[in-house]
Each structure stands twice: as structure tokens, then as C-alpha cells.
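Spelled out from the first residue to the last, the chains are:
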Amino acid sequence: MKEIKKIASGKNYSAVSVGAVSEIIEHELPMGPDMVIRGKVFAGQAVGATGSELSFQTLVPGQDSGFLHTHKTHEELYIILRGEGHYQVDGEIFPVSEGTIIRVAPDGKRALKNTGSSDLTMLCIQYKANAFTEADSPMTDGVILPDALKW
């Protein structure tokens, strides 16, 4: 089983590696005494994220996420990194492939299936719904500093 590797940390940062995208399938997520999801890894807690959780998952050809699910308060962004498949939300099914981004509100009944001939890998970012306002725009929240870059 693949493990998350700590790379670096400091007062204002932490960095980890889940491995190459092609290695995501080697992770295992225990979900209970009789359920292990192969190819899924949560990384938000490992990196010390305080406003979101993130996970990677790889589905082999023909595999689906195993169940429909919703969330109590979390919205999710699914970003397809490679492969192709079908995404299901509230009974509607549509094709997805590398570069597709799907936002799902907490109540959306969701699932993903790999319909391609190679692995499908996605990144999922979940965060509290309705937490951002117009004041949280990256264009107004970010501060460009005069400090020189040091490489």
C-alpha cells in the first residue's frame, strides 16, 4: 500500500506527495471493517489544510465509485486529470474526460464511472458550501509582494 510522504513544513506551509498520478491506484482507503477503497487517498489533513479536504482517486476501466453519496455541508469540485467516464448527479449522466471540472452542491446525489479503456484519475476538493463571498475573490484577497524571488 502506498503512503503519503512528507516533503517539507514550516510555520506557514507544509508539503506532501501522494506519488505520481499513475501511482494513485496503489493507495488504499479503509472505510470500515469490510470495506477498503483501492486507488483513493485523502490528502487535506496530511498537508494540514484548514478550509478544505482533497482526495485523489483512480478507477480502473469499468469501475465505478461504488455508491451514490451526498454531503451534509460540503460542496465538491471534481477535476478529471486523465481518462474518461460518466458522471452522475441527481439521475442525470454526462460524459467526462481529462480537463472536465464538475461542481456538486451538498445535496447532489453523485457518482463517477470509468467507461474508458485506461485508468481514470480525478482530484476532488471539498469545502463548506456558501463559505466564499464576493469579497473572497482571488483578485481582491491576493497580495502581490515586492520581495525578489529566490530560486
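Owing to the predicted nature of the structure, the values given are computational and were not obtained by experimental measurement.

1. Structural notes on the overall build of the protein chain
Here is step 1 of the chain: The helix and strand inventory of the protein chain stands at two helices and 12 strands.
Here is step 2 of the chain: Dimensions of the protein chain, computed from the C-alpha atoms along their principal axes, are close to 50 × 35 × 30 Å.
Here is step 3 of the chain: Going through the 151 residues of the protein chain one by one, you find that 30% of them count as buried.
Here is step 4 of the chain: Put simply, of all contacts in the protein chain between residues at least 6 apart along the chain, 59% involve residues at least 24 apart.
Here is step 5 of the chain: Total accessible area on the protein chain stands at roughly 10100 Å², and carbon and sulfur atoms take up 54% of it.

2. Looking at the side chain of E53
Here is step 1 of the chain: Position of E53 relative to the elements: it lies in strand β6 (residues 53–59).
Here is step 2 of the chain: Of the side chains bearing the opposite charge, K40 lies closest to the buried E53, which forms no salt bridge; the N-O distance is 9.3 Å.
Here is step 3 of the chain: A polar contact of 2.6 Å, which involves the side chain of E53, links it to the backbone nitrogen of G44.
Here is step 4 of the chain: In contact with E53, not counting residues within four places along its chain, are F42, A43, G44, Q45, C124, I125 and Q126.

3. Details of the sheet that holds strand β11 (residues 110–114)
Here is step 1 of the chain: What the three strands build is an open sheet, ordered β9-β8-β11; its pairing is antiparallel. One side of each edge strand has no neighbouring strand; the edge strands of this open sheet are β9 (92–97) and β11. In this sheet, adjacent strand axes meet at a mean angle of 25° when their direction is disregarded.
Here is step 2 of the chain: Pairing between strand β8 (residues 84–89) and β11: five bridges, direction antiparallel. Residue pairing across strands places Y87 opposite L112, the latter belonging to β11.

4. Re the pattern of salt bridges
Here is step 1 of the chain: The full count for this structure, using the stated rule, is four salt bridges.
Here is step 2 of the chain: E23 is the partner of K2 in a salt bridge, and the nearest nitrogen-oxygen pair spans 3.3 Å. One end of the pair, K2, is in the segment before β1 (5–10); the other, E23, is in the loop between β2 (13–17) and β3 (28–32), with 21 residues separating them in the sequence.
Here is step 3 of the chain: For K2, a relative accessible area of 23% corresponds to the partly exposed category.
Here is step 4 of the chain: E23 sits in the partly exposed class, given a relative accessible area of 26%.
Here is step 5 of the chain: A salt bridge links R103 to E75; its shortest N-O distance comes to 3.1 Å. Taken as a pair, R103 in strand β10 (residues 101–104) and E75 in strand β7 (residues 74–82) lie far apart in primary sequence, 28 residues in all.
Here is step 6 of the chain: Using a relative accessible area of 14% as the deciding quantity, one classes E75 as buried.

5. Some thoughts on the packing of aromatic side chains
Here is step 1 of the chain: Per the counting criterion, the structure on display carries two aromatic pairs.
Here is step 2 of the chain: Ring centres of Y87 and F94 lie 5.9 Å apart, and the angle between their planes is 35°; on these two criteria the pair is classed as tilted.

6. A word on the environment of I4
Here is step 1 of the chain: Relative to the elements of secondary structure, I4 occurs in the segment before β1.
Here is step 2 of the chain: For I4, a relative accessible area of 28% translates into the label partly exposed.
Here is step 3 of the chain: Distance from I4 to S14, taken between C-alpha atoms, is 13 Å for residues 10 residues apart in sequence.
Here is step 4 of the chain: Leaving out residues up to four positions away in the same chain, I4 has contacts with V16, S17, V18, H27, V41, F42, A43 and A46.

About the thresholds
Residues numbered from 1 in each chain as written. Predicted model: local features only at pLDDT ≥ 70, side-chain atom pairs only at ≥ 80, totals over all residues. Heavy atoms only, no water. Helix = DSSP H or I, 4+ residues; strand = E, 2+ residues; numbered from the N terminus. Buried < 20%, exposed > 50% of the residue type's maximum accessible area, 1.4 Å probe, protein only. Contact = heavy atoms within 4.5 Å. Areas by Shrake-Rupley, 256 points an atom, 1.4 Å probe, with all protein chains shown as cover. Lys, Arg positive; Asp, Glu negative; His and termini not counted. Salt bridge = Lys/Arg side-chain N within 4 Å of Asp/Glu carboxyl O. Polar contact = N/O pair within 3.5 Å; in protein donor to acceptor, adjacent residues only side chain to side chain. Pairing = 2+ DSSP bridges. Axes fitted to C-alpha atoms, helices over the stretch in contact; angles between N-to-C directions. Phe/Tyr/Trp six-rings, centres within 6.5 Å; stacked < 30°, edge-to-face > 60°.

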